[in-house]
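Residues per chain, in single letters:
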Amino acid sequence: MHERSLVQTLLNQVQQIVADDGGGVVKEIQVQVGDLSGVEPLLFESAFTELAREWFPQECRLVLDIVPVKAECRLCGQCFEVQDNEFLCPACGTGPVEVIQGDQVKLMSITVDSENSVSGAKS
Ligand SMILES: [Zn+2]
């Protein structure tokens with residue numbers, strides 16, 4: 001159940017950012033979830049619903065942005081979308097590739113009260 005601990009980490013992060021920013025009511029949390037992060041969006045959402053109730057008494061919305069996995073070939077520099085866990089460079093077919101997107105869970109933005117939006121997560 002690592003979704004639960006991810007949500008916990010996320011909520012810690014959110015509280016920290018909001019506190020640094022002078023506090024306020026968190027209305028919405030936007031999170032980017034990579035296809036390769038191993039996170040099950042539904043489990044993530046239910047863990048959030050459960051934990052957010054303890055952390056934020058007010059209604060807080062969770063927006064999940066699922067992003068595809070992208071990799072870059074170390075040999076020829078080709079960027080491509082990884083499908084079906086096929087980590088092979090489509091250009092040269094050989095190079096070792098590096099995942100550049102889609103393997104993590106990232107806090108994208110927090111909406112506090114109705115107007116203020118805090119963006120940029122400290123990871
Ligand atoms: Zn290549």
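Since the model is a prediction, treat every value here as computed from it, not as a measurement. (Residues numbered from 1 in each chain as written. Predicted model: local features only at pLDDT ≥ 70, side-chain atom pairs only at ≥ 80, totals over all residues. Heavy atoms only, no water.)

Caption draft 1: Structural view of helix H1 (residues 2-20). Taking 1.5 Å as the rise per residue, H1 with 19 residues should run 27 Å; its terminal C-alpha atoms sit 27 Å apart, in good agreement. Listed in full, the buried residues belonging to H1 are Glu3, Val7, Leu10, Leu11, Val14, Ile17 and Val18. One face of H1 carries all of its buried residues, which in axial projection span an arc of 125 degrees. Seen from the buried face of H1, the exposed residues on the opposite side, beyond 90 degrees, are Ala19 and Asp20. Following H1 by one or two positions, Gly22 adopts a phi angle in the positive range, close to 100 degrees. (Helix = DSSP H or I, 4+ residues; strand = E, 2+ residues; numbered from the N terminus. Expected span 1.5 Å × (residues − 1). Buried < 20%, exposed > 50% of the residue type's maximum accessible area, 1.4 Å probe, protein only. Arc of directions from axis to C-beta.)

Caption draft 2: Broad picture of helix H2 (residues 41-55). The end-to-end C-alpha distance of H2 is 20 Å, a good match for the 21 Å that 15 residues give at a rise of 1.5 Å each. For H2, the full list of buried residues reads Phe44, Ala47, Phe48, Leu51 and Ala52. In the core, the buried residues of H2 are packed alongside H1, strand E1 (26-34), strand E2 (61-67) and strand E6 (105-112). (Contact = heavy atoms within 4.5 Å.)

Caption draft 3: Molecular detail of the coordination of the zinc ion. Around the zinc ion, the protein contributes the donor atoms Cys73 (SG), Cys76 (SG), Cys89 (SG) and Cys92 (SG), at 2.2 to 2.3 Å from the metal centre. Classification of the site at the zinc ion rests on its four donor atoms, whose angles at the metal span 106 to 119 degrees, yielding the label tetrahedral. Binding-site remark: the zinc ion is held by donors from one chain whose sequence spacing is C-x2-C-x12-C-x2-C. Of the two residues, Cys73 sits in strand E3 (residues 70-73) while Cys92 sits in the loop between strand E4 (79-81) and strand E5 (97-101), which places them 19 residues apart along the sequence. A relative accessible area of 1% means that Cys73 is categorised as buried. By relative accessible area, Cys92 is classed as partly exposed at 31%. (Donors = N, O, S within 2.8 Å, 3.2 Å for Na, K, Ca; no water. Tetrahedral: all angles 85-135°; square planar, octahedral: opposite > 155°, others 65-115°.)

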